Amino acid sequence: MTAPTLPDPHPPVHRSWWKENQQRLAPWLFLAPGIFMFTVYVILPIFQSIGLSFYEWDGLGDKTWVGTANYAELMDDEAFYTSLKNNVIWLVLYMLAIPMGLFVALFLNQTVRGIRIYKSLFFFPFVISQVVVGLVFAWFYDPSYGLMNIALGWFGIEPIAVLANEDYVTYGIIAAGLWPQTAYCMILYLTGLNAVDPEQIEAARLDNAKGLKMLWYVILPQLRPATFIAIVVTVIGALRSFDLISIMTDGGPWGSSRVLAFYMYEQAFSEYGFRMGYGAAIAVVLFLIMMIYITGFLWKMYRDERGA
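A quick note: this is a predicted structure, and the numbers were derived from the prediction, not measured. (Residues numbered from 1 in each chain as written. Predicted model: local features only at pLDDT ≥ 70, side-chain atom pairs only at ≥ 80, totals over all residues. Heavy atoms only, no water.)

**Q** Now, about a nonpolar patch on the surface: what can you tell me, with residues and values included?
**A** Residues Phe123, Phe124, Phe126, Val127, Val131, Val132, Leu135, Val136, Trp139, Tyr145, Trp179 and Ile247 make up a contiguous nonpolar surface patch of roughly 1100 Å² in combined accessible area. When contributions to the nonpolar patch are tallied by element, the ones reaching two or more residues are helix 5 (115-127) and helix 6 (130-141). At five residues, helix 6 tops the list of elements feeding residues into the nonpolar patch. Structurally, Trp179 can be placed in helix 8 (residues 169-194). (Patch = residues over 30% accessible without salt bridge, like charges linked within 9 Å, V, L, I, M, F, W, Y side chains within 5 Å. Areas by Shrake-Rupley, 256 points an atom, 1.4 Å probe, with all protein chains shown as cover. Salt bridge = Lys/Arg side-chain N within 4 Å of Asp/Glu carboxyl O. Helix = DSSP H or I, 4+ residues; strand = E, 2+ residues; numbered from the N terminus.)

**Q** Please give an account of the packing of helix 4 (residues 97-108) against helix 5 that cites residues and values.
**A** Direction vectors running N to C along helix 4 and helix 5 enclose 160 degrees, while the axes themselves pass 10 Å from each other. Overall, the two elements helix 4 and helix 5 adopt an arrangement that is roughly antiparallel. Both helix 4 and helix 5 take part in a crossing whose hand is left-handed. Contacts between helix 4 and helix 5 involve Val104, Phe107 and Leu108 on the former and, on the latter, Ile115, Tyr118, Lys119 and Phe122. Of the residues in the contact of helix 4 with helix 5, the class split is six nonpolar, no polar and one charged. (Axes fitted to C-alpha atoms, helices over the stretch in contact; angles between N-to-C directions. Parallel < 35°, antiparallel > 145°, perpendicular 65-115°, else oblique. Left-handed = near helix turned anticlockwise from the far one by under 90°. Contact = heavy atoms within 4.5 Å. Nonpolar A, V, L, I, M, F, W, Y, C, P; charged D, E, K, R; others polar.)

**Q** Give a detailed account of the side chain of Ser257, specifying residues and quantitative values.
**A** Take Ser257: it is sitting in the loop between helix 12 (243-248) and helix 13 (260-269). Once residues lying within four places of it in the same chain are set aside, the contact partners of Ser257 are Asn86, Val169, Thr170, Ile173, Ile245, Thr249, Gly251 and Gly252.

**Q** Please set out the nonpolar core residue by residue, giving values where relevant.
**A** Leu74, Trp90, Ile173 and Met248 are the most contacted members of the largest nonpolar core, which totals 68 residues. Apart from residues lying up to four places away in sequence, Ile173 is in contact with Trp90, Leu163, Leu244, Ile245, Met248, Thr249 and Ser257. (Core = buried A, V, L, I, M, F, W, Y, C linked by side-chain atoms within 4.5 Å. Buried < 20%, exposed > 50% of the residue type's maximum accessible area, 1.4 Å probe, protein only.)

**Q** Tell me what's going on with the pattern of salt bridges, and back it up with residues and numbers.
**A** Counting across every chain of the model gives three salt bridges. Arg275 serves as the salt-bridge partner of Glu73, at 2.8 Å between the closest nitrogen and oxygen. With Glu73 in helix 2 (residues 69-75) and Arg275 in the loop between helix 13 and helix 14 (276-307), this pair connects stretches of sequence that are 202 residues apart. A relative accessible area of 34% means that Glu73 is categorised as partly exposed. Its relative accessible area of 18% is what places Arg275 among the buried residues. Several salt bridges share partner residues, and in doing so they unite Glu56, Glu73 and Arg275 into one network.

**Q** Would you mind going over unusual backbone geometry in detail, with residue names and values included?
**A** Glycine aside, residues mostly have negative phi angles, and peptide bonds mostly take the trans form. The step from Gly252 to Pro253 runs through a cis peptide bond, and the omega angle for that step is -5 degrees. Counting through the fold element by element, Pro253 comes out in the loop between helix 12 and helix 13. Look at Asp250: it is not a glycine, yet its phi comes out positive at around 55 degrees. Unusually for a residue other than glycine, Trp254 sits at a positive phi of about 55 degrees. Looking at where Trp254 falls in the secondary structure, it is placed in the loop between helix 12 and helix 13. What makes Trp254 exposed here is its relative accessible area of 74%.

Here is the structure:
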């Protein structure tokens, strides 16, 4: 006769799959809506644009497969090279917003009388529309009653029609764009300066570090995250510049102020014939330039981090 089996005083607890993986899955559940929207409105349109660039399409009728004909046409398109050259100018000069924003932030990061008023004045360009910025600078450059030419007249200099001169127009629009972009970089650096370790500042002062040495060796290394965001956003803003050009010159005079984003719009949606495929090819080229630049910068940042 076998002895009866006694129940286990400590039976195994069978937890549900959700409770076992809750902490690991919870972040993905919160991220899921954002990932879904990003995929639908950013990732999928990128691949759709790439596919559309191999077709000839007016936006209404049937698509016609043309292969790489749109890209071949770009190679002989003088307007495309003008737009590309202007984008390079935008990219180089727009980077001035980063050091300008840094120095404004250093100036505003002080506890002096009236600093809140100064912060409001420098913050103002960031909150107004790019359309307003374009209109303000169009009036500023006006050769008849613009403030710039009135000031030049005080020194006996003839009025300069900035927006009507092929040699000056791109630089005039970039100057208008630098105003709000500098304010944006200033905000990023002000946020970064609030996170600077005061103990490191005090230790550097004890080592007799001040001025540029303090900035270069103590403050800037702690502002690296803010600098990274400022560079990425400024590069993207320079390469996708559109609204200021549309408001101030509409691509003129004689197409000399076009950039790739504006030329893409002209070819795809304006009276040029609704060439959706050709416009998509221009967009793909712009996207590749942007990705090459940002990927190179990310790789440099990664190597610097590993080296550190």
